[in-house]
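Chains, contacts and geometry: an overview
So you can see what is in the structure, the chains are spelled out below.
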Amino acid sequence: MSLSHPRILLQFDSDEHASVFDAVVAVDSGVEHLLQYASVEPVDVEGLVHGAMFTRGPDQLKNTAIFVGGSDVGHGERIAECIKETFFGPVKVSVMLDSNGSNTTAAAAVLCARRHLELSQAKALVPGGTGPVGRRVARLLLAQGAQVVITSRDARRAQSACSEILANVPDQYHQHLSAMGVAGETELRSALDGCNLLVSCGAAGAQLVSGSALQASELKVAIDLNAVAPAGIEGISVMDKAVKRGDRIDYGAIGTGGLKMKIHRESIRTLFTSNDLFLDAEQIFAIGLNLEEATELS
Amino acid sequence: MSLSHPRILLQFDSDEHASVFDAVVAVDSGVEHLLQYASVEPVDVEGLVHGAMFTRGPDQLKNTAIFVGGSDVGHGERIAECIKETFFGPVKVSVMLDSNGSNTTAAAAVLCARRHLELSQAKALVPGGTGPVGRRVARLLLAQGAQVVITSRDARRAQSACSEILANVPDQYHQHLSAMGVAGETELRSALDGCNLLVSCGAAGAQLVSGSALQASELKVAIDLNAVAPAGIEGISVMDKAVKRGDRIDYGAIGTGGLKMKIHRESIRTLFTSNDLFLDAEQIFAIGLNLEEATELS
Amino acid sequence: MSLSHPRILLQFDSDEHASVFDAVVAVDSGVEHLLQYASVEPVDVEGLVHGAMFTRGPDQLKNTAIFVGGSDVGHGERIAECIKETFFGPVKVSVMLDSNGSNTTAAAAVLCARRHLELSQAKALVPGGTGPVGRRVARLLLAQGAQVVITSRDARRAQSACSEILANVPDQYHQHLSAMGVAGETELRSALDGCNLLVSCGAAGAQLVSGSALQASELKVAIDLNAVAPAGIEGISVMDKAVKRGDRIDYGAIGTGGLKMKIHRESIRTLFTSNDLFLDAEQIFAIGLNLEEATELS
């Protein structure tokens, strides 16, 4: 009996219908059999993952992988933890976490900034830094040596997000993170003071940064990850892709989308190179960084 | 990174389990990745369709398409409307509507009639013309220039189906449609008077036309689309395929089924030739007409 | 129009999420399109199976098949019956029943025993012989001419399982089966007296046979199909694969797993050789026997 071991991706999605977006990207990344699982709850994980662990030999486990997605990032994080707890020893498969596109979006935003700024010299303001994308943007910037200020309307919420962010950041950079409550224009201008990078990560349709504050700033790069009008940063269009406005380079959500898609596809491909990868924000950023460096060399 | 863009079909089904029938036909028509979505409600459509719109570039959007199916034709029509509303500008994918096989069945029936009659000369009686298949049969016949009488036991229901039928028919043919209530043999014989075509489209297992009325008629073609005994037209078998009985040619549901399957498969293939098709009854009929003409030439 | 007919497997699963295990094995056995259906109830079967029956021509029906799985073996048996009732005449597709791995597990266990014993000379004790795997082990052993004693803590339950087992066994062997209630060590030792084969089929995590009873026995082969600690047979490890202990050869659940997987894959492949197979315990055992004989010859 000759055996084949096509590339199988298990799509574990928290929503009632598994994401079409994630499915199409998987197919375009070379997945040969996509198995979609919707409404996946923590209690379901062990049985499903055992089926991935115990069906192929050690040499072939790399051809099975799991993608965790769906609109609820917190839910996806819990599912990913359950997956890791199910594995034992070398009997595991590779996993990518990208609920609501949070990791690929954050990685693309930081890599767009890197095109114009030395990140270790950056001082970044991250409005909406308490949300799932914002926390990841902060993690990635900190790990590159940047100074980061996360803001929220609620100062206590901003403070409490810090510990979660720092859990994923090397100790040497912990002093680089601070948190501020920003309720109005005055506080916003104060927060922006001295910043050269702005990455707005607020909820869809909420303006976090006014055009006047933007104008008054000394920003070199401004990135708005909100794709639904009104813009998170007044005056930035979703289509902006390295648009020069005075001394500032602007990106909108769709402007970072091309890189996000490339990172997403390359991450799916990477899953099938080994059976022991866990692709969270840092690993997905590293994959994107390789893509950027390959582009720079070519 | 070389990219592949296999043909992906999204199956949006109104039922709890997506149709196996539609799935197998999709696979046999060259779909490389079938993504089945069951229990799809109008509220789900936007998110799912965005995933189809925003994952592939303009040149490759034609390799993603949507099939709307399931047993509830009205539900499928609503889903199809929601899909169209989600598209904007050229950012769209091709869509085929064939809930409960309604469009492929109607197209096959009218094309079977066309093998034996000049449709612009036809005078057709369509019992059960208020149902989803009957309304489509009437639409297609009218657009070919035929005279059409739809009947129902309930005269008012027949009348109210007319406006829905005419919404899809060129103005010049609107006078060709009439509606009648038919409760018994006398009314039925009167309705059949002068007709050369009969297409019975009633609900499964209900006899709409008696054998005596059939014998008394001057019909050239009689088609019964009911596949469940008793026959919709007494004396016609589901297996009848151009069976000659006196001056009349008869078709049963299975007798039109081979052509229906060909039309279904060719419609799926056609979806992947462009990203902007919407295949409803008229477009599916046109695809079937091309198949018939190609067969006639060969 | 050239038509392709890829190998389609319909996975009918009783659970809320269709088994990943069964899905991966299907893909590795050459299934080209796997259509997963979860939460399949008897009432759903007819519509789904009609879609398999009426989409491909007689020559191509063998490229569509159905796998019945899920954790509930009784449910799977009912689904399989509904499938058989839906077929008519030659219009059918091949079906494999392996809910909870019951058939492939039982076949592998009996074939492991056959490597060391002439089964027609075997006298087998089957603790847990009232459960779905135990009943199948008993069926298969009886059909090979073995003497079989099934035991349960509840003597009446053991008795009532006999009729179900014998329904699938040739009449000539019906006298070879007996049932006993075994509540303690004394009864167990008495049951083991004269046995040369032990196949423990109890529920996960329950010890059915003590180490002292095992030591006192004259068993030639002992197989424990329980994969969850504590072992069903004290002193046997799940990893045991033909481990020699004195005059006895021991197998644990994982030790029989490699052969189980081979049988599962070969059974899936076999489904696509014809459109009229129904693979239950006996047919799956025969497929495994062919594999064993091919290995012995090579």
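Basis of the calculations
Residues numbered from 1 in each chain as written. Chains lettered and ligands numbered in written order. Predicted model: local features only at pLDDT ≥ 70, side-chain atom pairs only at ≥ 80, totals over all residues. Heavy atoms only, no water. Least-squares fit on C-alpha atoms with pLDDT ≥ 70 in both. Contact = heavy atoms within 4.5 Å. Buried area = accessible area lost by both parts, 1.4 Å probe. Salt bridge = Lys/Arg side-chain N within 4 Å of Asp/Glu carboxyl O. Polar contact = N/O pair within 3.5 Å; in protein donor to acceptor, adjacent residues only side chain to side chain. Helix = DSSP H or I, 4+ residues; strand = E, 2+ residues; numbered from the N terminus. Pairing = 2+ DSSP bridges. Buried < 20%, exposed > 50% of the residue type's maximum accessible area, 1.4 Å probe, protein only. Phe/Tyr/Trp six-rings, centres within 6.5 Å; stacked < 30°, edge-to-face > 60°. Lys NZ or Arg CZ within 6 Å of the ring centre and 35° of its normal. Nonpolar A, V, L, I, M, F, W, Y, C, P; charged D, E, K, R; others polar. Lys, Arg positive; Asp, Glu negative; His and termini not counted. Expected span 1.5 Å × (residues − 1). Domains from an automatic or database assignment.

Section: the relation of the copies chain C and chain A
Copy one and copy two of the chain differ by a rotation about an axis and a translation along that axis. Taken as rigid bodies, chain C and chain A are interconverted by a rotation of 120° and an axial shift of 0.0 Å, the fit giving an RMSD of 0.1 Å. Here the two chains are linked by the operation of a three-fold rotation axis. Residue C:H33 of chain C places its C-alpha closer to the rotation axis than any other residue of that unit, at 4.6 Å. Of the interface residues in chain C, just 5% have counterparts in chain A that sit at the interface too, so the contact is made through distinct surfaces.

Quick look at the interface of chain C and chain A
If you look at the interface, chain C gives 20 residues, while chain A gives 22 residues. Buried surface at the junction of chain C and chain A, both sides included, amounts to about 1600 Å², of which 64% is carbon and sulfur. Of all residues in chain C, the largest losses of buried area upon contact with chain A belong to C:H17, C:V20 and C:D28, amounting jointly to 37% of the total for that side. With a closest N to O distance of 2.6 Å, C:D28 and A:R56 form a salt bridge. Seen at the junction of chain C and chain A, the total is four residue pairs in polar contact (both at pLDDT 80 or more). Those elements giving two or more residues to the side of chain C that touches chain A turn out to be α1 (20-28), β2 (33-37) and α9 (257-271) of chain C. For the side of chain C that touches chain A, the element with the highest residue contribution is α1(C), accounting for seven residues.

Things to note about the pairing of strand β10 (residues 241-245) of chain C
Residues and elements named next belong to chain C. The sheet contact formed by β10 and strand β11 (residues 248-251) spans four bridges and is antiparallel. Within the sheet, the bridge partner assigned to K241 lies in β11 and is Y251. Counting the residues that bridge the hairpin from β10 to β11 gives two residues, and of these G246 lies at a positive phi of roughly 65°.

Some thoughts on the pattern of salt bridges
Evaluated as defined, the whole model comprises 47 salt bridges over all chains. Notably, a salt bridge pairs B:R245 with B:D240, separated by 2.7 Å at the nearest N-O pair. For B:D240, a relative accessible area of 6% corresponds to the buried category. Residue C:D250 pairs with C:R248 through a salt bridge whose shortest N-O separation is 2.7 Å. For the pair shown, C:D250 and C:R248 are each scored as buried.

Structural notes on the packing of aromatic side chains
All names here are of chain A. Taken as a whole and assessed by the stated rule, the structure comprises six aromatic pairs over all chains. Arranged with centres 6.1 Å apart and planes meeting at 45°, the rings of F54 and F88 form a pair that is tilted. Placement of the pair is F54 in the loop between α2 (42-53) and β3 (64-69) and F88 in the loop between α3 (73-86) and β4 (94-97), with a sequence separation of 34 residues. Its relative accessible area of 47% is what places F88 among the partly exposed residues. Here the basic side chain of K84 rests over the ring of F278, its NZ or CZ set 3.9 Å away from the ring centre.

What to know about the sheet that holds strand β12 (residues 278-279) of chain C
Residue and element names in this part refer to chain C. A sheet is described by the order of its strands in space; here five strands give the open sequence β2-β1-β3-β4-β12, paired in parallel fashion. Lying at the two open borders of the sheet, with one neighbouring strand each, are β2 and β12. By the bridge criterion, four bridges tie strand β3 (residues 64-69) to strand β4 (residues 94-97) in an arrangement that is parallel. Looking at the pairing, A65 lines up with S94 of β4.

Concerning unusual backbone geometry
Cis geometry marks the peptide bond from A:A229 to A:P230, where omega comes out at -5°. With respect to the helices and strands, A:P230 occurs in the loop between β9 (221-224) and β10 (241-245). Phi at C:S39 is positive, roughly 50°, even though this residue is not glycine. Relative to the elements of secondary structure, C:S39 occurs in the loop between β2 and α2 (42-53). C:S39 sits in the partly exposed class, given a relative accessible area of 26%. Here C:A242, not a glycine, exhibits a phi torsion of approximately 60°, which is positive.

Brief notes about the sheet that holds strand β1 (residues 8-13) of chain A
Residues and elements named next belong to chain A. Here we have five strands laid out as an open sheet, ordered β2-β1-β3-β4-β12, and parallel in their pairing. At either margin of the open sheet sits one strand with a lone partner, and together these are β2 (33-37) and β12 (278-279). When β4 meets β12, the two strands line up parallel, connected through two bridges. Bridging from a neighbouring strand, M96 pairs with L279 of β12.

A word on the interface of chain B and chain A
Contacts between chain B and chain A engage 22 residues on the former and 20 residues on the latter. Summing the contributions of chain B and of chain A, the shared interface buries around 1600 Å²; its carbon and sulfur component is 65%. Put simply, chain B and chain A have one salt bridge between them. Seen at the junction of chain B and chain A, the total is four residue pairs in polar contact (both at pLDDT 80 or more). Within the residue set of the side of chain B that touches chain A, elements represented by two or more residues are β1 (8-13), β2 (33-37) and α2 (42-53) of chain B. Taken together, the residues that form the side of chain B that touches chain A break down as twelve nonpolar, eight polar and two charged.

Description of the side chain of C:K260
All names here are of chain C. Tracing the backbone shows K260 in helix α9. Salt bridges are absent for the buried K260, whose nearest opposite-charge side chain, D98, sits at 4.6 Å. The contact partners of K260, leaving out residues within four places of it in the chain, are F21, G101, T104, T105 and A108.

Quick look at the environment of C:T273
Residues and elements named next belong to chain C. Positionally, T273 belongs in the loop between α9 and β12. Classification of T273 as exposed rests on a relative accessible area of 54%. Along the backbone, T273 and T105 are 168 residues apart, and their C-alpha atoms lie at a distance of 23 Å. At 2.6 Å, the side chain of T273 forms a polar contact with the backbone oxygen of T270.

Concerning helix α9 (residues 257-271) of chain A
Residues and elements named next belong to chain A. With 15 residues, α9 ought to run about 21 Å at 1.5 Å a step, and its terminal C-alpha atoms sit 21 Å apart, in line with that. Among the 15 residues in α9, eleven count as buried, and that is most of the element. Residues of α9 that are buried include every one of G257, L259, K260, M261, I263, H264, R265, S267, I268, T270 and L271, and no others.

Digging into α2(B)
For α2(B), which comprises twelve residues, the first-to-last C-alpha distance of 17 Å matches the rise-based estimate of 16 Å (1.5 Å per residue) to within 8%. Taken as a whole, α2(B) has its buried residues at B:D44, B:V45, B:L48, B:V49, B:G51, B:A52 and B:M53. Packing partners of the buried residues in α2(B) comprise α1 (20-28) of chain A together with β1, β2, β3 (64-69) and α3 (73-86) of chain B.

Describing the domain arrangement of chain A
Residues and elements named next belong to chain A. According to the domain assignment, chain A contains domain 1 (8-101 + 261-297) and domain 2 (103-256). With centres defined by C-alpha atoms, the gap from domain 1 to domain 2 works out at 27 Å. Residue-level contacts link 19 residues of domain 1 with 17 residues of domain 2. Buried surface at the junction of domain 1 and domain 2, both sides included, amounts to about 1600 Å², of which 53% is carbon and sulfur. Counting the contacts that link domain 1 with domain 2 gives seven salt bridges. For D280, the salt bridge goes to R139, with nearest N and O atoms at 3.7 Å. Of all the elements in the fold, those that place two or more residues in the side of domain 1 that touches domain 2 are α3, β4, α9 and α10 (281-297).

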